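# Per-entry structural report
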2 protein chains.
Amino acid sequence: MSDTDSLFPETLPPARRRSRRPAAQRTTLADVAHRAGVSLMTASRALSDPRQVSEKLRVKVEQAVAELAYVPNRAARALASARSHAIAVLVPSFSNAVFTDVLAGIQDALGPDGYQLLIGNTRYSSEEEETLLRLHLQSHPAGILLTGLTQNDAVNKMLEVAGIPVVSMMDLSDDPRRASVGLSQYDAGAAMVRHLLSRGYRRIGYLAAQLDERTIKRTEGFRAALREAGLYDPRREVMVPDPSTVALGAELIGRLLANAPDCDAVFCCNDDLAYGAIYQCQRRGIAIPRDLAISGFNDLPTSAWMNPSLTTIATPRYRVGYEAAQLLKRLMAGEEPQTRNIDLGFSLIVREST
Amino acid sequence: MSDTDSLFPETLPPARRRSRRPAAQRTTLADVAHRAGVSLMTASRALSDPRQVSEKLRVKVEQAVAELAYVPNRAARALASARSHAIAVLVPSFSNAVFTDVLAGIQDALGPDGYQLLIGNTRYSSEEEETLLRLHLQSHPAGILLTGLTQNDAVNKMLEVAGIPVVSMMDLSDDPRRASVGLSQYDAGAAMVRHLLSRGYRRIGYLAAQLDERTIKRTEGFRAALREAGLYDPRREVMVPDPSTVALGAELIGRLLANAPDCDAVFCCNDDLAYGAIYQCQRRGIAIPRDLAISGFNDLPTSAWMNPSLTTIATPRYRVGYEAAQLLKRLMAGEEPQTRNIDLGFSLIVREST
DNA sequence: CTGAAAGCGCTTACAG
DNA sequence: CTGAAAGCGCTTACAG
């Protein structure tokens, strides 16, 4: 991005110009004030802090607002007050249920306060993350909620220059400058391996997709726990950068079993992959868990209901969103919380598939 | 909402006041112009329409932008130009894969043009829809993408007053004033019934949740097709307003079979419900489709892979989002498309479950 | 291709 | 509790 052409594109279709519709002006606060018979100032205060205005005038203003169907101009407000009610939220996916739960938590924590959420889907691309952040930074948000700890240099630079509170979600930062709310992906990966080992499985395979930062950490946890048991074998890993889907899980289990037919268990880096793996095994007459144990990660709603039900790691993603938003609120208010990195943990859910 | 207190809440924590940080001013276009040794005007044009500026000056401005890490102030731009690059998008759910696909289509259609998407999740609540629209209208978006045709009176009023192009998604409008891109939910519901009838099923049950406008239309299609065949029996319907989940599907199939144990097929108003119904039947030893046929609606990714695979109606939701965005672009450009209501159809996908 | 002036619709201090 | 003035950071015509 060295070319300013694309930095702040203004390639919109020619809009209606002001001069072409001199009559159809929007109704402004001045119109409201005029109609209510009060000054602009009083009208402004009646809306932004009603307690500063006498009951009588407030009612007049409210009536005028209703009669004129007045809509405040957020741009003018933001410009004059030098602050905004916007919060930028960047997640890597909308189709991954993990992040829709995170968003729900954020919405519940922030919605009641009247914040405008600027939600962006980065599609697991640091370039799209950069583009979206650049775009939303133009709205001068009061705070930023990011997914993961590692951003590209341009993003880190923008964040630093902006000087706006930031909280990272779904992972735990060890950098005191970056606040975070999440869980140890590494520990969670290792925990699943220990469960499989405790069940007696010894030839444990691994299926992973997307290979984002958090998946890599789970992978490291998987490897460390197996190495610790002296059972790590790279032939049992199938890892591809493609987006996780049920279909991909079906394909990857096929590849794994072709490479290492003697696997007695498979840890899938997320539930979608595990669903595909299980369905594919069923098609091939491989009984789960008798012939092969399969486990997932995240505990999506289907996991408890499918047959066999899926052993998995439950991640507190709704709470991650909720608590990250709460932490961000504190930071935006200028507080300095003792804990800027909140570990919400995870839980192993043992079901029929292992 | 008769109280202005809550109309435009300003309940934010006390922000840093301008006077408290006189030095740490944001860098403005004037700073950029100064550094580049050009006038404010030239700097402005270099960013918004580089062709209007000589190569030499443009490069200077670009350098200054980079050196100062300048971020344009969207509020100032919006205020001065009386238009915004924002588009408000309201969907009823993030957890329903249908709408994340719709959002992906919108993102692909609009992203390249540099629009800022103001995405809101109404949670199937017309009150939340109203609140979100009121909020986003303050940003004076250039266009609005809505889910469904029916909004509450306040929303319709706001839409009318705003005079901004609007496109409804996922359904088809018969009101020429409301543009729409979607499919006939009624026809799709009826199509599934005809399929089941053609397979020889005669005692067809129905499971529905959420009961939003589109579900109701599918229900009407279901009923009409059965009445036409002389086979409609209200005892075979189980409908609840709760959100659709796999767990709910498992519960509702239990209720249906308790009420009407002789059903030979069940049409679920969406795939999630169907998954739950199938898993529950498997637990009870009910063979599908031998003992009971089950079908869904939407064709989510799992439907093709589960065992048995699910007969369902595929809806073109990605394309709905994409085409709705395209139509909106035309409307925003002031064009008057011949077709303001685009039927993208649906397709019956017959699989193992029926 | 470049520039000086006016103004977008609000809020912020500062007075009263 | 209420008000007149200034200004937020840009873009829009209008000139040259």
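One can find the structure itself at the top, above this paragraph.
Each residue is numbered by its place in its chain's sequence as written, counting from 1. Whichever chain is written first is A, and whichever ligand is written first is 1; the rest continue in order. Residue-level local features of this predicted model are given only where pLDDT is at least 70; pairs of side-chain atoms are given and counted only at 80 or more, and the full residue set underlies all totals for whole chains, interfaces and linings. Side-chain descriptors were evaluated using all non-hydrogen atoms of the structure, hydrogens and water having been removed beforehand.

The next thing to look at is the overall build of chain A. Strands here mean DSSP runs of E at least two residues long; helices mean DSSP runs of H or I at least four residues long; both are numbered from the N terminus. On a plain count of helices and strands, chain A comes out with 13 helices and 12 strands. A radius of gyration in this sense is built from C-alpha atoms; the matching globule rule multiplies 2.2 Å by the number of residues raised to 0.38. Taking 2.2 N^0.38 as the reference for a compact globule, 354 residues should give roughly 20 Å; the C-alpha atoms of chain A span a radius of gyration of 26 Å, well beyond that estimate. Accessible area is worked out with a 1.4 Å probe on protein chains only. A residue is then buried under 20% of its type maximum, exposed over 50%, and partly exposed in between. The buried share of chain A, taken over its 354 residues, is 56%. Whether two residues are in contact is decided by their heavy atoms, any of which lying within 4.5 Å being enough. Relative to all contacts within chain A whose residues are 6 or more apart in sequence, the contacts with residues 24 or more apart total 70%. Only the protein chains shown count as cover for residues, with accessible areas throughout obtained via the Shrake-Rupley method and a probe of 1.4 Å. Here chain A displays about 14700 Å² of accessible surface, and carbon together with sulfur accounts for 50% of that area.

Our next topic: the pattern of salt bridges. The salt bridge criterion pairs a side-chain nitrogen of Lys or Arg with a carboxyl oxygen of Asp or Glu, the two atoms within 4 Å. Counted by the stated rule, this structure contains 42 salt bridges over all chains. Arg134 of chain A is the salt-bridge partner of Glu130 of chain A, the closest N and O atoms lying 2.7 Å from each other. With Glu130 of chain A and Arg134 of chain A both in helix α7 (residues 126-137), this residue pair falls 4 residues apart, about one helical turn. Of the charged contacts in the structure, one is a salt bridge between Lys217 of chain B and Asp171 of chain B, with a shortest N-O distance of 2.7 Å. Of this pair, Lys217 of chain B sits in helix α9 (residues 213-228) while Asp171 of chain B sits in the loop between β4 (166-169) and β5 (179-182), and the two are 46 residues apart along the sequence. Connected through shared salt-bridge partners, Glu55, Arg58 and Glu62 of chain A make up one network.

Let us now look at the interface of chain A and chain B. Think of interface size as the accessible area that goes away when the parts come together; that is how it is often given. Each partner contributes residues to the interface: chain A has 79 residues there, and chain B has 78 residues. Note: buried area is the sum, over both parts, of the accessible area (probe 1.4 Å) each one loses when the two are combined. Each partner contributes to the roughly 7300 Å² buried at the junction of chain A and chain B, and carbon and sulfur atoms together form 53% of this total. Between chain A and chain B we count 2 salt bridges in total. Here Asp108 of chain A and Arg123 of chain B are joined by a salt bridge, their closest N and O atoms 2.8 Å apart. Here the element with the most residues in the side of chain A that touches chain B is helix α5 (residues 74-81) of chain A; it accounts for 8 residues.

To continue, consider the sheet that holds strand β6 (residues 204-208) of chain A. All names here are of chain A. Only strands joined by at least two bridges in the DSSP assignment are considered to pair. Taken in spatial order, the 4 strands line up as β7-β6-β8-β9 in an open sheet, and their pairing is parallel. A strand with exactly one partner marks an edge of an open sheet, and here the two such strands are β7 (237-239) and β9 (293-295). Between one strand axis and the next, the sheet turns through 15° on average, direction left out of account. Sheet analysis places β6 next to strand β8 (residues 265-268), joined by 4 bridges and oriented parallel. Note that in β8 the partner of Tyr206 across the bridge is Phe267. Here helix α11 (residues 246-259) sits on the sheet in contact with β6, β7 and β8, set at roughly 145° to β6. Where helix α12 (residues 271-283) meets the sheet, its contacts fall on β6, β8 and β9, and the angle it forms with β9 comes to roughly 155°. The axes are straight lines fitted to the C-alpha atoms, using for helices just the contacting stretch, and the angles between their N-to-C directions are given from 0 to 180°.

Before going further, it helps to examine the protein's contact with DNA strand C. Put simply, a residue is near a molecule or strand once any heavy atom of it comes within 4 Å of that molecule or strand. Surrounding DNA strand C, one finds 25 residues, the nearest of these being Ser44 and Tyr70 of chain A together with Thr42, Arg45 and Leu57 of chain B. Counting only the atoms of DNA strand C within 4 Å of the protein, the fraction contributed by sugar and phosphate is 65%. Counting of polar contacts relies on pairs of N or O atoms within 3.5 Å, with two restrictions inside protein: one atom must be capable of donating a hydrogen and the other of accepting it, and residues adjacent in sequence are counted only when both atoms are side-chain atoms. The side chain of Arg45 of chain B places a nitrogen or oxygen atom 2.6 Å from a base nitrogen of DNA strand C. Between DNA strand C and Ala80 of chain B, the relevant distance is 3.3 Å, taken from a base oxygen to a main-chain nitrogen or oxygen of the residue. Where the surface near DNA strand C is concerned, the elements lending two or more residues are α3 (40-48) and α5 of chain A together with α2 (40-48) and α4 (74-81) of chain B. A total of 4 residues in the surface near DNA strand C trace back to one element, the largest contributor, which is α5 of chain A. Note on residue categories: nonpolar means Ala, Val, Leu, Ile, Met, Phe, Trp, Tyr, Cys or Pro, charged means Asp, Glu, Lys or Arg, and polar means any other residue, Gly included. A per-class count over the surface near DNA strand C returns 10 nonpolar, 9 polar and 6 charged.

Moving on, we get to the relation of the copies chain A and chain B. The copies were overlaid by least squares, fitting only the C-alpha atoms of residues that reach a pLDDT of 70 or more in each copy. Rotating chain A by 180° about the axis while translating it 0.0 Å along that axis superimposes it on chain B, leaving an RMSD of 0.0 Å. Considering both components of the superposition, the chain copies are consistent with a two-fold axis. Of every C-alpha in chain A, the one belonging to Ala75 of chain A sits nearest the axis of rotation, 2.1 Å from it. Residue by residue, 99% of the interface of chain A is reproduced at the interface of chain B, so both copies engage with the same surface.

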